[in-house]
Amino acid sequence: MALINFLKPKNKLEEGGRTAAPVQQDAGEPEKNCPNCHKDIPLSRLWANDLVCPCGYHFRMKARQRIRMIADGESFHELFSEMRSGNPLHFPGYKDKLETVRAASGEEEAVVCGTARIGGQSCCLFVMESYFMMGSMGSAVGEKITSLFEYAAEHRLPVVGFTVSGGARMQEGLLSLMQMAKTSAAVKRHSDAGLLYLAVLTDPTTGGVTASFAMEADIILAEPGATVGFAGARVIEQTTKKALPAGFQKSEFVLEHGFIDGIVLRADQKRLLAELLKIHEWRVNG
Amino acid sequence: MSGVPYDRVKLARESSRPTGLDYIRNIFKGFFEFHGDRCYADDPAIVGGIARLNGMPVTVIAIEKGHTAKERTYRNFGAPHPEGYRKALRLMKQAEKFGRPVVCFIDTSGAYCGIGAEERGQGQAIAENLMEMSTLCVPVISILIGEGGSGGALALGVADRVWMLQNAVYSVISPEGCASILWKDPAKAEAAAASLKLTAEDAKSLGVIERILSEKDLGQKEFYDRIRVLLSEELRVLSGDPDLIGKRYDRFRRIGTKELL
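Residues numbered from 1 in each chain as written. Chains lettered and ligands numbered in written order. Predicted model: local features only at pLDDT ≥ 70, side-chain atom pairs only at ≥ 80, totals over all residues.

Visitor: Explain the overall build of chain A to me, and be specific about the residues and the numbers.
Guide: Secondary structure summary: chain A contains nine helices and nine strands in total. Burial statistics for chain A: of 286 residues in total, 54% are counted as buried. In chain A, once contacts between residues fewer than 6 apart in sequence are set aside, the share between residues at least 24 apart is 70%. (Helix = DSSP H or I, 4+ residues; strand = E, 2+ residues; numbered from the N terminus. Buried ≥ 20, exposed ≤ 12 C-beta atoms within 10 Å, placed from the backbone. Contact = placed C-beta atoms within 7 Å.)

Right, here's the structure in full:
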């Protein structure tokens, strides 16, 4: 697949901020500047094109917006929306942070889960939310993902997942770390039941999410130009004192190194996912 | 026992503490080291092989930091590359094939942050270990002996029993990393260490570990003898369990569940 050379997209997590500005703030602005082609693109045009710039740059997308793009009509039924993190370790500032982020993002947690149809194919669907603490995984995200894979195994459904995450949520300490093991075990059970899991990695997918369910799918796809990696690029630079190679940790780089199956443009995602789901319905042994 | 959690972090990092190989040599007999991941390389930061525990064959795997400057450089300061995790998984699968229990010793500041590590799929290697360890059909006991740094430690920690040395630490991120991300100030590591709840007592109260191992006579014969007895007893219990995998699933399944709103 021919791809454009992207400039390094701004990784707001690595810049030290924990939340990107909510998309709603853009509502009053007529244009958005593209970090790739540097042109000001009318917002209405971006929205009509699923937040892809005419130059091909894929802007980040809110979870609900992505669900509207991927799921058929009104087919999405949300599950486990009641699960949300408290402040189990009484981590300083976390409670206020959660309140602020909940108000700004309109979401209770950093992942939205449910059942849906994609091109007529039934599946479980999860979409992570970059506008909620950069999709970080705490107890609630771990519990929701785990519950979804268990639900999918019970109902013999495939899982389609869109990842975006800065990694484990440090404010929940060890509880966050353990969600990596918990979700992985649930993915394994679903997989051992012979069921399909398709992951689409979006910008950025890093840390503990990369090192767990993002990399555990049967088929791993990614959006063009998405940052996909384990350690943060800045940390690697500081640790190794070496210049990073061009395109380091971009989905094209990860594809070249053999860790994802393909890069798929946003415009092609629904059709491709539907086709992949359909193909996996058939078995030689019935 | 030290007062503030950050003192524990410093203790856990002491180069004089027993390292993975010290535990292997003093607890087990006849250690035979196996090298390589059969894909790319042999990672000196992870040591593994077979040995006997009171006569019982076991597979032992340890993250090794080394003691001297030369050793520590050779061991990459106990920061494994993907090939280290793949070697560990290979040896665990081998243990499964031959019906041997697995004992892991964990001591790392974290999986190595480097260009090569990313190019060779550090995240994928850890993820695969988490997945495969969850259904390994032989008993697994993991012991945190020093630093338990994030996913790089957990990659050997999906076990039936997880134990921690009294002054070991287990954390989602280093206190320095946490302080620099959240408060833009690595000097606030001491506050971060307290907030992260990374001590053995914290881990036990969060249901992340089953047992805290005393550091009385640390590094002495009595110390290793005690651990040998505990391991033998626990492996005997686990070996007779017909629902090992189910219980291992539940062990991790409940973590963080009751803390939700």
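Visitor: Describe in detail the overall build of chain B, supporting the description with residues and values.
Guide: Per the secondary structure count, chain B includes 12 helices and eight strands. For a compact globule of 261 residues, the expected C-alpha radius of gyration is about 18 Å, and chain B comes in at 17 Å, within 12% of that figure. Seen along its three principal axes, the alpha-carbon backbone of chain B occupies a region of about 50 × 40 × 40 Å. (Rg over C-alpha atoms; globule rule 2.2 N^0.38 Å.)

Visitor: Help me get a handle on the nonpolar core, residues and values and all.
Guide: Residues L125 of chain A together with A62, L130, M164 and Y170 of chain B are the most contacted members of the largest nonpolar core, which totals 162 residues. Beyond its immediate sequence surroundings of up to four residues, Y170 of chain B is in contact with L174 of chain A together with L144, G148, A153, M164, L198, A203 and V208 of chain B. (Core = buried A, V, L, I, M, F, W, Y, C linked by C-beta atoms within 7 Å.)

Visitor: Tell me about the interface of chain B and chain A, and please be specific about residues and values.
Guide: The partner chain A presents 50 residues to the 43 residues of chain B that form the contact. Taken together, the elements giving at least two residues each to the side of chain B that touches chain A come down to α5 (115-119), α6 (122-133), α7 (150-154), β7 (169-171), α8 (175-182), α9 (189-196) and α12 (244-253) of chain B. With seven residues, α6 of chain B is the largest single contributor of residues to the side of chain B that touches chain A.

Visitor: Which residues make up helix α4 (residues 82-97) of chain B, and what values go with them?
Guide: Residue and element names in this part refer to chain B. An ideal rise of 1.5 Å per residue puts 22 Å on 16 residues; α4 measures up with 23 Å between its terminal C-alpha atoms. Turning to α4, its buried residues number three or more, namely P82, E83, G84, Y85, R86, K87, A88, L89, L91, M92 and A95. Where α4 is buried, its residues meet β2 (46-53), β3 (56-63), β4 (102-108), α5 and α6. One or two residues past the end of α4 sits G99, with phi positive at roughly 65°. (Expected span 1.5 Å × (residues − 1).)

Visitor: Go over the sheet that holds strand β5 (residues 121-128) of chain A, please, and point to the residues and values.
Guide: All names here are of chain A. Taken together, seven strands build an open sheet; the order of strands is β3-β4-β5-β6-β7-β8-β9 and the sheet is mixed. This sheet does not close on itself; its edge strands, each paired only once, are β3 (77-79) and β9 (262-263). Across two bridges, the pairing between strand β8 (residues 219-222) and β9 is parallel. From the neighbouring strand, L221 faces β9, where its bridge partner is G262. (Pairing = 2+ DSSP bridges.)

Visitor: Break down α12 of chain B for me, with residues and values.
Guide: Among the residues of α12 of chain B, R248, R251 and F252 of chain B are the ones counted as buried. One side of α12 of chain B carries all its buried residues, which in axial view fall inside an arc of 85°. Of the exposed residues in α12 of chain B, the ones pointing more than 90 degrees away from its buried face are G246, K247 and D250 of chain B. Those residues of α12 of chain B that are buried are in contact with α5 (173-192) of chain A. (Arc of directions from axis to C-beta.)

Visitor: An account of the pairing of strand β4 (residues 111-118) of chain A is needed here, citing residue identities and associated values.
Guide: The side chains of a regular strand alternate, first on one face of the sheet and then on the other. Residue and element names in this part refer to chain A. Among the eight residues that make up β4, six are buried, leaving the element largely enclosed by the rest of the structure. Bridge count for β3 against β4 is three bridges, and the pairing is antiparallel. Opposite H77, over in β4, you have T115 as the bridge partner. Judged from the eight bridges that link them, β4 and β5 form a sheet pairing that is antiparallel. Bridging from a neighbouring strand, C113 pairs with F126 of β5. Linkage of β4 to β5, two consecutive antiparallel strands, is achieved through a turn of two residues, within which G119 is found at a positive phi near 55°.

Visitor: Give a description of the packing of α8 of chain B against α9 of chain B that names residues and reports values.
Guide: Helix-helix packing is characterised by the crossing angle of the two axes and by the distance between the axes. Residues and elements named next belong to chain B. At a closest axis distance of 8 Å, the pairing of α8 and α9 adopts a crossing angle of 105°. The angle between α8 and α9 places the two elements in the roughly perpendicular class. Residue-level inspection shows P175, E176, C178 and A179 of α8 in contact with α9, the latter providing A189, A191, A192, A193 and L196. When grouped by side-chain class, the residues that make up the contact of α8 with α9 number eight nonpolar, no polar and one charged. (Axes fitted to C-alpha atoms, helices over the stretch in contact; angles between N-to-C directions. Parallel < 35°, antiparallel > 145°, perpendicular 65-115°, else oblique. Nonpolar A, V, L, I, M, F, W, Y, C, P; charged D, E, K, R; others polar.)

Visitor: A description of the packing of helix α1 (residues 5-13) of chain B against α9 of chain B should follow, citing residues and the corresponding values.
Guide: Residues and elements named next belong to chain B. One can describe the packing of α1 onto α9 by two numbers: an axis separation of 7 Å at closest approach and a directional angle of 100°. Taken together, α1 and α9 sit at an angle that is classed as roughly perpendicular. Residues P5, Y6 and V9 of α1 lie in contact with α9, whose contacting residues are A189, E190, A193 and A194. The residue makeup of the contact of α1 with α9, split by class, is six nonpolar, no polar and one charged.

Visitor: Explain unusual backbone geometry residue by residue, including any values.
Guide: For residues other than glycine, phi is negative in most cases, and the peptide bonds are mostly trans. Omega for the bond connecting D203 of chain A with P204 of chain A falls within 30 degrees of zero, at -15°, which places this linkage in the cis form. Even without being glycine, N76 of chain B reaches a positive phi, approximately 55°. Take N76 of chain B: it is sitting in the loop between α3 (69-74) and α4. Exposure remark for N76 of chain B: the 21 C-beta atoms within 10 Å place this residue in the buried category.

Visitor: Before we move on, can you summarise the pairing of β8 of chain A with the specific residues and values?
Guide: Alignment of strand β7 (residues 197-205) of chain A against β8 of chain A, held across four bridges, turns out to be parallel. Its bridge partner lying in β8 of chain A, L198 of chain A is registered against I219 of chain A.

Visitor: Just give me the short version of the environment of I61 of chain B, but keep the residues and values in it.
Guide: All names here are of chain B. Secondary-structure assignment places I61 in strand β3. Residue classification places I61 among the buried positions, given that 26 C-beta atoms sit within 10 Å. When the C-alpha atoms of I61 and G48 are compared, they prove to be 4.1 Å apart, with 13 residues separating the residues in sequence. With residues near it in sequence (within four places) discarded, I61 still touches I46, G48, A88, L91, V102, C104 and L156.

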